[in-house]
Amino acid sequence: MQESESALFLAFQLVMAGDADLLEIVGLSLRVSVTAVLLSCAIGLPVGALVASQRFRGRSLVILLMNALMGLPPVVIGLLVYLQLSASGPFGWLQWLYTPTAMILAQTLLVAPIVAALSRQVLEDLHDEYSEYFDSLCLSAWSRVSTLLVDARYSLLTVSLAGFGRAIAEVGAVMIVGGNINHYTRVMTTSIALETSKGDLPMALGLGIVLLMIALIVNALVMTLRSSAERFAYA
Amino acid sequence: MPESGSAVASSPFISVTGVSVIRNDQRLLDNVSVDLGDSEFSVIMGSNGAGKSLLMRVIHGLVAPDSGRVEVAGSVNPSGVTTRLHQAMVFQKPVLLRRSVAANVDHVIDSKLKDRRLQRDSVLDEVGLLSLAKRPARLLSGGEQQRLALARALALKPSVLLLDEPTASLDPASSQLIERIVQKVHDAGCKVIFVTHDIGQARRLADDVIFMHKGQVVEHRPAGQFFDSPASDPAAAYLRGELYV
């Protein structure tokens, strides 16, 4: 109880004082996760829309794979990226290992399947509603995809939010490929793991509270956007 | 004896020959043959499940027949693609995009920005929705939504306009408005094929009537003849408001 109180107090102190270390960690966490989510959306949304709007042989298998990939353990992704980027790996020459770029890559590989699978589910319902209209216009596959993506934009915000939640809270992959290097690749989750292992629980809890606050703020923003869209019948 | 393909003029513009659609061993369309001219206002009538909407979808190329063929302007289009490029269809329940009224029309117009705006405003004006151009389409009333679907179809500048019970769930005033617009489009030279249950509406609009029963065209005659002396028992019963089994 005492620890929780002091953690809350410390978190409040850190935020109010604009602690430089904290801001740096929070800034890097947001930069890595937001970039990874943007890249994941750029990959996952068109894939989800394409699978939702097209009928082809092996489609059920593709959907099964997409759904299965949602459950990929972050440490496995981290290990795979590590093997590719390590000095002896095929992409070692890029020298991305233990850099924020490697962390973005790992999180993108983690989040893109989530975005693709969830958007496929959302867009398939919309496609069922629009399919006769699309057919009557003889729309091409890409026109269908772009129409679906535009019309489901507010639902897809929720999908990207799920991806952001996964990315910002993820620790295993960024720890392996980022190395948790102070002032370079240290993000909130790896800091929390480190402080916990050092026994500095108030600091770990303080960072955890900041992480929760970020998640709350982002969720509130997206919910506000969605509810205003629903009010104007665009969602 | 079915009386089909007899109501139309010289050279048919749309020719449906021996079309059957079979689903789960049921013949939803059973060897349907009908010829339609390029200028008549053709109305398809029949009780629920007669195959009216399905026949319209086959003509539009949305459903491929299991046998038979559809010719439009002399060319056979098994895939329906070429057919659909010259046709536009309005569904019973309008499918509207989650966008504004104007953006819904823009979606089907393939032209430069300025031309697009002119074309869009012109069709919206035609259906009386220009003042609502910026409103979200889904906030329109049922009648307005159907007029928007009609505007979008007209924006395609079709030579054939197919309407599948467009006034089925509308009040009389909205139905009348739709009828007036469709009649005007027909007067401007567009071939119209219209599915309806409403006998009064069919009397007002039709040049020729195709009457369907259990997946077959049992009658196709000029409207006056059809309403004055229906030649088949199912059509006669339908016009009397009786159930024909």
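Note: the structure precedes this text.
Residues numbered from 1 in each chain as written. Chains lettered and ligands numbered in written order. Predicted model: local features only at pLDDT ≥ 70, side-chain atom pairs only at ≥ 80, totals over all residues. Heavy atoms only, no water.

## Here we look at the overall build of chain B
When you go through chain B residue by residue, the secondary structure sums to 9 helices and 10 strands. Over its C-alpha atoms chain B spans a radius of gyration of 18 Å, differing by no more than 12% from the 18 Å that the globule rule assigns to 245 residues. Each principal axis of the C-alpha atoms in chain B carries an extent, and together these give about 55 × 40 × 35 Å. When the 245 residues of chain B are sorted by exposure, 56% land in the buried category. Within chain B, contacts between residues at least 6 apart in sequence are counted, and of these 69% link residues at least 24 apart. (Helix = DSSP H or I, 4+ residues; strand = E, 2+ residues; numbered from the N terminus. Rg over C-alpha atoms; globule rule 2.2 N^0.38 Å. Buried < 20%, exposed > 50% of the residue type's maximum accessible area, 1.4 Å probe, protein only. Contact = heavy atoms within 4.5 Å.)

## Points about the sheet that holds strand β9 (residues 208-213) of chain B
Residues and elements named next belong to chain B. What the 6 strands build is an open sheet, ordered β6-β7-β8-β3-β9-β10; its pairing is mixed. With one partner strand each, in any of the chains shown, β6 (87-90) and β10 (216-222) form the two edges of the open sheet. Recorded for the sheet is a direction-independent mean angle of 15° between the axes of neighbouring strands. Sheet topology note: the β6/strand β7 (residues 160-164) ladder contains 4 bridges and is parallel. Note that in β7 the partner of A88 across the bridge is L161. Docked against the sheet, helix α1 (residues 52-60) engages β3 (41-46), β6, β7, β8 (191-195) and β9, running at close to 150° with respect to β7. Its contacts with the sheet place helix α5 (residues 142-155) against β6 and β7, and it is angled at close to 175° to β6. (Pairing = 2+ DSSP bridges. Axes fitted to C-alpha atoms, helices over the stretch in contact; angles between N-to-C directions.)

## Brief notes about the interface of chain A and chain B
Facing the 18 residues of chain A at the interface are 22 residues of chain B. Of the roughly 1,800 Å² buried where chain A meets chain B, counting both sides, 57% is carbon and sulfur surface. Considering only the surface of chain A that becomes buried against chain B, E132, Y133 and Y234 of chain A emerge as the three largest contributors, covering 32% of it. Taken together, the links from chain A to chain B amount to 4 salt bridges. (Buried area = accessible area lost by both parts, 1.4 Å probe. Salt bridge = Lys/Arg side-chain N within 4 Å of Asp/Glu carboxyl O.)

## Topic: helix α10 (residues 201-231) of chain A
Compared with an ideal rise of 1.5 Å per residue, which puts 31 residues at 45 Å, α10 of chain A spans 44 Å between its outermost C-alpha atoms and is within 8% of the ideal. Of all the positions in α10 of chain A, only A204, G206, L207, V210, L211, I214, V222 and A229 of chain A are classed as buried. (Expected span 1.5 Å × (residues − 1).)

## Here's the deal with the packing of helix α2 (residues 20-53) of chain A against α10 of chain A
Each packed pair of helices is defined by two parameters, the angle between the axes and the distance between the axes. All names here are of chain A. Interhelical geometry of α2 versus α10 gives an angle of 45° and a closest axis separation of 12 Å. Classified by the interaxial angle, the pair formed by α2 and α10 is oblique. Crossing geometry of α2 relative to α10 is assigned as right-handed. Residues L22, V26 and L30 of α2 lie in contact with α10, whose contacting residues are L207, V210 and I214. (Parallel < 35°, antiparallel > 145°, perpendicular 65-115°, else oblique. Left-handed = near helix turned anticlockwise from the far one by under 90°.)

## Brief notes about the packing of aromatic side chains
All names here are of chain A. As enumerated under the stated definition, the model contains 6 aromatic pairs over all chains in all. Judged by centre distance (5.7 Å) and plane angle (75°), the ring pair of Y130 and F134 falls under edge-to-face. Here Y130 and its partner F134 are both found in helix α5 (residues 100-137), 4 residues apart, which amounts to about one turn of the helix. Residue class for Y130 comes out buried when judged on its relative accessible area of 0%. (Phe/Tyr/Trp six-rings, centres within 6.5 Å; stacked < 30°, edge-to-face > 60°.)

## Notes on the side chain of D151 of chain A
Locating D151 of chain A in the fold gives a position in helix α6 (residues 141-151). From its side chain, D151 of chain A meets the backbone nitrogen of R98 of chain B in a polar contact 2.7 Å long. (Polar contact = N/O pair within 3.5 Å; in protein donor to acceptor, adjacent residues only side chain to side chain.)

## Remarks on the pairing of strand β2 (residues 26-36) of chain B
Residue and element names in this part refer to chain B. Pairing of strand β1 (residues 14-23) with β2, which is carried by 7 bridges, proceeds in the antiparallel orientation. Within the sheet, the bridge partner assigned to S15 lies in β2 and is D35. What sits between the antiparallel neighbours β1 and β2 is a turn of 2 residues, in which N24 has the positive phi angle 50°.

## Focus on unusual backbone geometry
Even without glycine at this site, N31 of chain B takes up a positive phi of about 55°. With relative accessibility at 52%, the residue N31 of chain B sits in the exposed group.

## A few points about the sheet that holds β1 of chain B
Pairing in this open sheet of 4 strands is antiparallel, and the strands run β2-β1-β4-β5 (chain B) from one edge to the other. Only two strands of the sheet have a single partner each, and these edge strands are β2 and β5 (75-76) of chain B.

## A word on the pairing of β7 of chain B
Residue and element names in this part refer to chain B. Burial within β7 is extensive, with 5 of its 5 residues counted as buried. A two-sided burial pattern is seen for β7, the buried positions comprising V160, L162 and D164 on one face and L161 and L163 on the other. Both β7 and β8 contribute to a ladder of 5 bridges, which runs parallel. Opposite L162, over in β8, you have I193 as the bridge partner. Between the parallel pair β7 and β8, the chain is carried across by helix α6 (residues 172-187), and the sense of this crossover is right-handed. (Right-handed = clockwise from strand over helix to strand, strands pointing away.)

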